[in-house]
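Chains, contacts and geometry: an overview
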Amino acid sequence: PPEPFFYFHGMVFTAWFALLLLQPALVGMGRTDLHRMVGRFGVMLAVGVVAVGTMGALIAARRAGGFTGIPIPPARFVIIPLGDIALFTLFVGMAIARRHDSQSHKRLMLVGSLALTVAAIARWPVVISVGNPILFFALTDLLILGCIAFDSLRNRRVHPAFLAGLAVVIVGQLGRLLV
């Protein structure tokens, strides 16, 4: 059974993704005042995601079984979740800095959050059976490409935050594959 810490890890990350769904709903309801107030909590939660994600990666890398179900040596694999946390930190930090530019803000939040999905995707049974990080990364990239396609269809153009975000994510993935 997983260590108790990993239940806490799951709660923190679930709370982040619940907040990611709540925030645009508040804006859609015209409650930008509440969106801003909840956003202050979101900044603290983002710091928690970084702390808990980093600790989780380091704990998993040190345990005898490594990363559950991942057939890659833990000392080599740990670079993947730490890279995901770094990308999350970069994009969410940029989104917070650009909070007055709503078009960039929401896209940067989304790309940063999608960068975290590598760990969830890596746990899918079919993905575990392949055991290749290229698949984890490619499926994450497909999520971002889906956002780009939606943006393109809805707005008749793609926002630069999505294009730059995808480019940075892919460069980060390539860097981790070469380590």
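Here we summarise the structure given alongside this text. (Residues numbered from 1 in each chain as written. Predicted model: local features only at pLDDT ≥ 70, side-chain atom pairs only at ≥ 80, totals over all residues. Heavy atoms only, no water.)

1. Focus on the pattern of salt bridges
Within the structure shown, the criterion is met by 4 salt bridges. One salt bridge in this structure joins R98 and D101, with 2.4 Å as the shortest N-O distance. Among the ionic pairs, R107 bridges to D151, the shortest N-O distance being 2.6 Å. You can see R107 sitting in helix α5 (residues 102-115) and its partner D151 sitting in helix α8 (residues 133-155), a full 44 residues away along the chain. (Salt bridge = Lys/Arg side-chain N within 4 Å of Asp/Glu carboxyl O. Helix = DSSP H or I, 4+ residues; strand = E, 2+ residues; numbered from the N terminus.)

2. Points about helix α9 (residues 160-178)
Across its 19 residues, α9 extends 27 Å between first and last C-alpha, which sits within 8% of the 27 Å expected from 1.5 Å per residue. If you check which residues of α9 are buried, you get A161, F162, G165, L166, V169, Q173 and R176. Taken end-on, α9 shows its buried residues confined to a sector of 125°, consistent with a single buried face. More than 90 degrees from the buried face of α9, the exposed residues found are V171 and L178. Packing partners of the buried residues in α9 comprise α4 (79-97), α5 and α8. (Expected span 1.5 Å × (residues − 1). Buried < 20%, exposed > 50% of the residue type's maximum accessible area, 1.4 Å probe, protein only. Arc of directions from axis to C-beta. Contact = heavy atoms within 4.5 Å.)

So far we have only geometry, and geometry alone does not tell us how the molecule works.
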